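Coordinate inspection notes
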Amino acid sequence: MKRAGFATRWLPILLLLPQLAIIALFFYWPAAHAVQSSFYLEDPFGFGSSFVGFDNYTHLAGNSEYGRIAQFTLLFTVLVTFFSLALALLLAVKADNVIRGAKMYRTLLMWVYAVAPPVAGFIGLLMFNQNWGPLAELAKSFGWDFKLGVNFGDTATAMVLVSVWKQVPVNFIFFLSGLQSIPKSVREAALIDARSSFRRFWDVTFPLLAPTGFFLLIINITYALFDTFGVVDVLVKGEPGNNPMTLVYKVYVDGFRGNDIGGSSAQSVILMVLVLALTIFQFRLVERRIHYT
Amino acid sequence: MAQVSLQNIRKVYPNGYEAVVPTSFDIKDGEFVVLVGPSGCGKSTLLRMVAGLEDISEGVLSIGDRNVNHVDPADRDIAMVFQNYALYPHMTVRKNIGYGLKNRKIAASEIEAKVQVAAKMLNLTDFLERKPSQLSGGQRQRVAMGRAVVRDPALFLFDEPLSNLDAKLRHQMRIEIKALQRRLGVTSIYVTHDQVEAMTMADRIIVLNAGRIEQIGTPAEIYHRPASTFVASFMGAPPMNLLKADCSEKRVILKGNVAVTANAADGPIVLGIRPEDIEVGEACDIPFTVDIVEELGAHRLLHGQLDGQDLTIHVGKDVAVSAGPIRISINPDAVVLFDAETGLAL
């Protein structure tokens, strides 16, 4: 078979150029800049900078606050990823079984997808308002005096809830389409082979959903680490002092509030390396156990 | 092993479409029954109701002496072979075959022994560690068979299991399935749209059309004594010739000649005759013009028109015929007469 190709060498490069330019301008250049400035101590008022080697990194290593935030970020990521995947899978399995009014359910479940993270955070702010937020009222009726923005645990709970709520629809769409791509006859064969729907799900449906699940796992970890910035920002706005924050938010706080460009750059480089390592690890270890049809 | 009984089984979908009109038949223990009909005739729906994959709208279904209307598919003691095999893509052949047993809480050593027996029977021993994607179509078909055989069920259900195979393999698997069923003696229901499969494999054929039974009978009965013009034209390749004729004074007149005597009322009638029941020779009484000769090696098919109606004649390879005028005669014993209005055999 003859492969379709271009007659000249320059045309494909020319066509790729806009995309490459965008990636270079908005990703590689800032990333390179961050690596560079992580070795410098920047004057807060922009009057110059001095080379400090690995000082920014060693300072972070000995910083107990940074360690605490890293721990919280880990917990936050695990909780958000787990609950948004589990809830979405549950909803998708249920929606897949619905025959009557299926379209309406699906549309309603997908709507939240269209909400931007800061808006989601703002809705969370309203829902958990200490004086009249319906969810705070609900917590109060169980004897839980919910104090968003004041109590560390309460704020963290709200952050996790809002982040999960925001992410469930995306996962739901992928899981649902994953479920629907499993051949009907394979499920019917399982119906004849196994009486228990629990066994059928774990032996047949779940392994066949694994490629979708693996993809979503990476997407969700990335989401919890980075894209929740908007949610965190709105929920802790103004008073990051005693409130929980994630590593990404700490980068912003130190860099743009504390004017410590060098330290903040070092943090983002650490994050970059972390995510890179995590992704490589996932592909090496998890993907090997997945069956792609 | 068990007999199967369907009593007034009916299927109506929520949108009001009646896929199967109330249908009754019994299948004897160890019998191989083929449901045949064009697509949309309800044969698959019927099979899926027996399997428990579709709800039964009305009627009583029993397998053995047990009413299974509301029994889970897994508890009906059946095994099903699907058109696209429906193997579990993430499991090896061994696990595919053993999965149903595993769920019945059978000891692992016993499962392994049964899988080995089934694999040996189906020439799959060398492929037990492979995944379905690493197998050919015929091998996948065998794995699907193995999955059914290993369960030692009361009833085998086949849903067009050969339609995804090429012609040569289909022929081979047809014989293998039939031989296997004979050997195991398991009652079987086999759905197909291919009348050759129906003829060659069945102990009894059930011909379905538009959700109702046209005829139940042995392959020979179905072929030689079709109950309706539908059965006559559906079964057989080429199908039975159906000629519009007139009946007067108990005689059927075809192109001015008396073809056959009939115990029927005067008026229009349909005369059915199989292509091989028409004789060709100088002494024959009906003049006929051959338009096209189809050379098939073992025999020839002659196509032409009689009284403005298409007629196909099957002659042996030793009968030399070329396009042009010949003389034919119709074997009166092989003629089947149908009511011109209802299409039912008289």
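Just so you know, these numbers come straight off a predicted model, no measurement behind them. (Residues numbered from 1 in each chain as written. Chains lettered and ligands numbered in written order. Predicted model: local features only at pLDDT ≥ 70, side-chain atom pairs only at ≥ 80, totals over all residues. Heavy atoms only, no water.)

1. Quick notes on the side chain of Thr312 of chain B
Residues and elements named next belong to chain B. Inspection of the secondary structure assignment puts Thr312 in strand S18 (residues 309–316). Given a relative accessible area of 11%, Thr312 falls into the buried group. Of note is the side chain of Thr312, whose polar atom sits 3.3 Å from the side chain of His303. What Thr312 contacts, discounting residues up to four positions off in sequence, is Pro238, Asn241, Pro275, Ile278, Leu301, Leu302 and His303. (Helix = DSSP H or I, 4+ residues; strand = E, 2+ residues; numbered from the N terminus. Buried < 20%, exposed > 50% of the residue type's maximum accessible area, 1.4 Å probe, protein only. Polar contact = N/O pair within 3.5 Å; in protein donor to acceptor, adjacent residues only side chain to side chain. Contact = heavy atoms within 4.5 Å.)

2. A word on the pattern of salt bridges
Inspection of the entire model under this criterion finds 25 salt bridges over all chains. Notably, a salt bridge pairs Arg94 of chain B with Glu129 of chain B, separated by 2.0 Å at the nearest N-O pair. One end of the pair, Arg94 of chain B, is in helix H2 (residues 93–102); the other, Glu129 of chain B, is in the loop between helix H3 (108–121) and helix H4 (137–149), and 35 residues separate them in sequence. Residue classification places Arg94 of chain B among the partly exposed positions, given a relative accessible area of 23%. For Asp203 of chain B, the salt bridge goes to Lys178 of chain B, with nearest N and O atoms at 3.5 Å. Here Asp203 of chain B, found in the loop between helix H6 (195–201) and strand S9 (204–209), pairs with Lys178 of chain B, found in helix H5 (residues 167–184); they are 25 residues apart in sequence, far enough to count as distant. Residue class for Lys178 of chain B comes out buried when judged on its relative accessible area of 13%. One continuous salt-bridge network, built from bridges that share partners, spans Lys184 and Glu188 of chain A together with Lys11, Arg48 and Glu54 of chain B. (Salt bridge = Lys/Arg side-chain N within 4 Å of Asp/Glu carboxyl O.)

3. Thoughts on the nonpolar core
By size, the foremost hydrophobic cluster in this structure holds 92 residues, and its most contacted members are Leu46 and Leu157 of chain B. Per-element accounting of this core gives the leading share, eleven residues, to helix H7 (residues 152–180) of chain A. Among the nonpolar cores identified, the runner-up in size contains 44 residues, and Val34, Ala79, Ala198 and Met201 of chain B belong to it. (Core = buried A, V, L, I, M, F, W, Y, C linked by side-chain atoms within 4.5 Å.)

4. Focus: unusual backbone geometry
Residues and elements named next belong to chain B. Put simply, Ala237 and Pro238 share a cis peptide bond, and its omega is -5°. Relative to the assigned elements, Pro238 resides in the loop between helix H8 (229–234) and strand S11 (241–248). Located in the positive-phi region is Ala86, a residue other than glycine, with phi close to 50°. Within the secondary structure layout, Ala86 lies in the loop between strand S6 (78–81) and H2.

5. Concerning the domain arrangement of chain B
All names here are of chain B. When the domains of chain B are assigned, the result is domain 1 (4–233) and domain 2 (244–339). Here domain 1 and domain 2 have C-alpha centroids that lie 39 Å from each other. With nine residues of domain 1 at the interface, the matching set in domain 2 holds eight residues. Counting the surface lost from both domain 1 and domain 2, the interface buries some 650 Å², and carbon and sulfur atoms represent 48% of this. Counting the surface domain 1 buries against domain 2, the share from its top three residues, Tyr223, Arg225 and Thr229, is 63%. Counting every contact that joins domain 1 to domain 2 gives zero salt bridges. On the surface where domain 1 and domain 2 come into contact, there are four residue pairs in polar contact (both at pLDDT 80 or more). Only helix H7 (219–224) and H8 provide two or more residues apiece to the side of domain 1 that touches domain 2. Ranked by residue count, the leading element in the side of domain 1 that touches domain 2 is H7, at three residues. (Domains from an automatic or database assignment. Buried area = accessible area lost by both parts, 1.4 Å probe.)

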